[in-house]
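Notes for the structure review
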Amino acid sequence: MSEEDDLDLNSLDDDELVQQMHDDLYDGLKEEIIEAVNILLARKWTPYDVLTKALVEGMRIVGIDFRDGILFVPEVLLAANAMKGGMVLLRPLLAETGAPRVGKMVIGTVKGDIHDIGKNLVGMMMEGAGFDVIDLGINNPVENYLEAIEEHQPDILGMSALLTTTMPYMKVVIDTLKEKGMRDDYVVLVGGAPLNEEFADAIGADAYCRDAAVAVETAKDFMARKHNQLASA
Ligand code: B1M
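Here we look at the pairing of strand 4 (residues 187–191)
- Burial runs high along strand 4: five of the five residues are buried.
- Both faces of strand 4 are covered, namely the face carrying Val 187, Leu 189 and Gly 191 and the face carrying Val 188 and Val 190.
- Bridge count between strand 3 (residues 156–160) and strand 4: five bridges; the pairing is parallel. Counterpart to Leu 157 in the pairing with strand 4 is Val 188.

Comments concerning the site of the ligand
- Contacts to the ligand come from 34 residues, most closely from Arg 67, Ile 114, His 115, Asp 116 and Ser 160.
- In the model, a nitrogen atom of the ligand is placed 2.8 Å from a nitrogen or oxygen of the Asp 116 side chain.
- Residue assignment for the shell around the ligand shows that the elements contributing at least two residues are helix 4 (47–67), helix 5 (73–95), strand 1 (103–109), helix 6 (117–128), strand 3 and strand 4.
- Per-element accounting of the shell around the ligand gives the leading share, five residues, to helix 5.
- For the shell around the ligand, the class distribution of residues is 19 nonpolar, nine polar and six charged.

Calculation rules
Residues numbered from 1 in each chain as written. Predicted model: local features only at pLDDT ≥ 70, side-chain atom pairs only at ≥ 80, totals over all residues. Heavy atoms only, no water. Buried < 20%, exposed > 50% of the residue type's maximum accessible area, 1.4 Å probe, protein only. Helix = DSSP H or I, 4+ residues; strand = E, 2+ residues; numbered from the N terminus. Pairing = 2+ DSSP bridges. Near = heavy atom within 4 Å. Polar contact = N/O pair within 3.5 Å; in protein donor to acceptor, adjacent residues only side chain to side chain. Nonpolar A, V, L, I, M, F, W, Y, C, P; charged D, E, K, R; others polar.

See the structure below:
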């Protein structure tokens, strides 16, 4: 039996448990992550704190060692899978705020890009803030976005890209919307680690969202403006 099997997560205090979760995420231990998320929730941690302090922070550490060549793709996949195990528990809780539906968002990761953890977080937080979210998943060509906005008529189109090689594809989508005369019908929000505000401006997006919390605030701001415009029309 490994040392890991012997460890009683419940016997750890909160700080130790969060530290252990960072280690378990690093080691891709999904069952342990699920158990620890349940323990923190039972200790009355808010789902948002569990998400940001335990899971997102743990994934940040994984990202640093991936960048530095200490971790490789298979290990990072295991870490991502462990994180998703925790997110499955948090999703309904974050969505459970009982907020009235404030708008609709279509979101997807762009063509060529299979990163979805950040996008999923944004989707979860948006649902929690009262938005209906249609998630297109990963690796989306422009046709997928067009089909989805035609079918669902969202207020907001969200795009995610984690690679410097895939972020330019966001401009392809926005330019296609322009060509079709549809650009002004939707608020376009973009996000992902390599982006910044200048990039969002340059490609003609409405805003860059640094993280999921900013995405929610930005989306709410745009919805408030839309309602004000409708009210004064
Ligand atoms: Co990839 N990867 N990866 N990877 N990966 C990065 C992005 C990288 C920065 C790692 C590094 O070198 N440090 C690097 C990109 C370098 C670059 O482009 N300059 C990289 C690379 C190179 C690659 C591969 C090319 C590696 C290879 O095969 N040699 C390959 C590419 C595959 C492809 O997409 N075609 C690859 C593969 C993978 C895995 C499959 C192993 C895995 C993805 C698993 C998955 O997502 N299901 C993976 C992971 C996990 C990462 C890192 C470690 C973590 C990403 C993550 O989930 N972060 C990442 C390093 C890093 O970013 N530090 C890395 C946690 C997440 C909560 O944050 O995604 O930033 P983030 O999302 C935030 C904000 O950005 C924002 O809100 C989110 C929540 O707060 N946001 C939005 C994101 N999308 C938004 C959309 C919005 C609004 C806000 O719409 C409105």
